[in-house]
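# Structural description and commentary
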Amino acid sequence: MNGHDDIQGTHDDSGSALAREQTEQGSPGLASAQPTAHAESSVSDNRLVVAISSRALFDMGDSHDLFEREGLDAYRAYQIEHEDDLLKPGVAFPLVQKLLGLNALSGDVPAVEVILLSRNSGDTGLRIFNAIQHYKLGISRAAFTSGAPTSDYIAPFRADLFLSANAEDVGRALRAGVAAATILPSTAPQRSSEQLRIAFDGDAVIFGDEGERVSKEQGLDAFHRNETERWAEPLSGGPFRGFLAALHRLQAAFPAETSPIRTALVTARSAPAHKRVILTLRRWGVRIDEALFLGGRDKGPFLDAFGADIFFDDSPANVESARRHVATGHVPHGVSNL
């Protein structure tokens, strides 16, 4: 079984998720995996919701390898036997810590919620919630699907972003119109800055992939000619336009010079193709703090210099370079992934 996040079990046609309230004092509760997220109407319109898989949040490589080698029964026995062994942070753990840390800030700041979506069962998932409690992560809602795809629960939870180690679930989320990325293995160092720093590619991520199609089918000169002739025409929105807008709502609560969030556009575009990008973001009313037009240069060192907590790109070649420097999410969307 290839590319499956967390754990594959026997697939139930109902695709039901197990979500149970934990009654032990001090233990985080699990809300029902039904469309009940955002029950607090006072913040529901502005809440940033990020759904994440357990294998993106924690380092579960050993147990996942065991599942691949020996199957479900061995995996279940291993997780129960090691239920009290603390899971180590995974690639996206620092990102989640910083996102949830925004809730501690005073002022009229929209809430951030992180929801766990896992192919574990509720039984094997107990170890995951033990780790969540240990690290004092403010995660209370979850869906455990016992091997079934988790993507069915993204819409009921109203997630703005879905992060997973399972490319299959990510693809489903993107086809459903949700910003989603496959979290890649990375040896990038943890960032010491408390500021949340998120970097995005442009074409096929924030914007549509029309420009990349022209470049691929007609060449770079045709791409520059197209962008120069159509400079006043806004680019179409890509799969991450909605997430960028939700992130901008958070940024807008702070003065730019003291914001706990900093964003960057890191694109292979260069002049004269830069103008259409800038005017499109202006038309959308979205703030990007830094814009790097690299003209095809390797993005990794620039992302390292920016100090990205995560970078999103559609290009398989770009993410292979980036993940050596920073935590990276592959967005399998657009002509680069055909």
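Numbers given for residues are sequential positions, taken from 1 along each chain in its written order. Local features in this predicted model are restricted to residues of pLDDT 70 or higher, and side-chain atom pairs are both shown and tallied only at a pLDDT of 80 or more, whereas totals for entire chains, interfaces and linings draw on every residue. The side-chain numbers reported here are obtained from all heavy atoms of the structure, hydrogens and water having been left aside.

### With respect to the pairing of strand β11 (residues 310-313)
Relative accessibility decides the category of a residue: with a 1.4 Å probe and only protein chains considered, values under 20% of the type maximum give buried, values over 50% give exposed, and everything between is partly exposed. Every helix listed is a DSSP run of H or I at least four residues long, and every strand listed is a run of E at least two residues long, numbered separately from the N terminus. Of the two faces of β11, the one carrying I310 and F312 and the one carrying F311 and D313 are both buried. Direction of pairing for strand β8 (residues 196-200) relative to β11: parallel, over a ladder of three bridges. Within β11, the position partnered with A199 by the bridge is F311. We call two strands paired when DSSP finds no fewer than two bridges between them. Both β11 and strand β12 (residues 328-330) contribute to a ladder of three bridges, which runs parallel. By the bridge assignment for β12, D313 is matched with H330. For the handedness criterion, the strands are oriented away from the viewer, and a crossover whose path from the first strand over the helix to the second runs clockwise is classed as right-handed. Read as a crossover between parallel neighbours, the route from β11 over helix α13 (residues 316-322) to β12 is right-handed.

### A few points about helix α6 (residues 126-134)
All of the buried residues in α6 are R127, I128, F129, A131 and I132. For α6, the elements touching its buried residues are α2 (54-57), β2 (58-59), α4 (72-81), β4 (112-118) and β5 (142-144). Two residues or fewer after α6 comes K136, characterised by a positive phi angle close to 55°. Contacts are residue-level and defined by heavy atoms, with any inter-residue pair within 4.5 Å sufficient.

### Details of the pattern of salt bridges
Salt bridge, as applied in this entry: a Lys or Arg side-chain nitrogen positioned within 4 Å of an Asp or Glu carboxyl oxygen. Applying the stated criterion to the full structure yields 19 salt bridges. Here D309 makes a salt bridge to K98, at a shortest N to O gap of 3.0 Å. Placement of D309 in the loop between α12 (300-306) and β11 and of K98 in helix α5 (residues 93-101) is noted, with a sequence separation of 211 residues between them. Classification of D309 as buried rests on a relative accessible area of 7%. When the shortest N-O distance is used, the salt bridge between R230 and E233 registers 2.6 Å. Residue classification places R230 among the partly exposed residues on the basis of a relative accessible area of 32%. In this structure E233 comes out as partly exposed when scored by relative accessible area, which is 38%. Each of the salt bridges in this network shares a partner with another, and the network as a whole consists of D203, E227, R230, E233, R269 and R276.

### Let's talk about the confidence of the model for the protein chain
In this model, the protein chain carries an average pLDDT of 84, and 86% of its residues clear a pLDDT of 70 or more. When the criterion is pLDDT under 50, residues 1-44 qualifies, and its contacts beyond four places in sequence or with other chains add up to 112 contacts. Confidence scores per residue from the predictor, reported as pLDDT, run from 0 to 100.

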